[in-house]
Amino acid sequence: VLGISGTRDQQHNGDPPLARYQSFELWPKMGGRHQFVWLENASHLDFSDPTGSDRSGLRAPYRNEVQKVVRAATLRFFESCLVPVHSPAGGTLSEAFLKPYLGGTIHRKGIDV
């Protein structure tokens, strides 16, 4: 299981963003990989794609920064599940791996395994 959220990702039921991070510990760990990427300053709309929506003008000031991290983290996570670690394409999702994708306002708050 891979989870990605941000410190400004307010939940619809009014729970604070930290509740997503804390719920990570409750996710089932059934022998597979289990990681959560927590991004400082990322909000809910930064994770969304506005194309194809009839809603326009939805503010997501850090969408481009967040999307780079989400794409890289997701690809690396799936590669780590499907490709042997010792192969050139293999590897793990780590802070070192994400470092080139982070910067500006969005930065890694934590990666938990």
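Note: the structure precedes this text.
Note that residues are indexed from 1 along each chain, following the sequence as it is written. Note on the predicted model: pLDDT of at least 70 is required for a residue's local features to be given, and 80 or more for side-chain atom pairs to be given and counted; whole-chain, interface and lining totals, by contrast, use all residues. Where side-chain values are given, they derive from all heavy atoms of the structure, hydrogens and water being excluded.

### Quick word on the pattern of salt bridges
So, point 1. Whenever Lys or Arg places a side-chain nitrogen within 4 Å of a carboxyl oxygen from Asp or Glu, that contact is recorded as a salt bridge. Taken as a whole and assessed by the stated rule, the structure comprises two salt bridges.
So, point 2. For Asp-9, the salt bridge identified is with Arg-20, shortest N-O distance 3.4 Å. With Asp-9 in the loop between strand S1 (2-8) and helix H1 (18-23) and Arg-20 in helix H1, this residue pair connects regions lying eleven residues apart in the sequence.
So, point 3. Exposed residues in this analysis have more than 50% of their type's maximum accessible area, buried residues have under 20%, and partly exposed residues fall in between, with area computed by a 1.4 Å probe over protein chains only. A relative accessible area of 4% means that Asp-9 is categorised as buried.
So, point 4. Put simply, Arg-76 and Glu-79 hold a salt bridge, and the shortest N to O gap is 4.0 Å. Here Arg-76 pairs with Glu-79, and both are found in helix H2 (residues 63-82), just three residues apart, close to one helical turn.
So, point 5. Using a relative accessible area of 22% as the deciding quantity, one classes Glu-79 as partly exposed. Secondary structure elements are taken from DSSP: a helix is a run of H or I of four residues or more, a strand is a run of E of two residues or more, and numbering for both begins at the N terminus.

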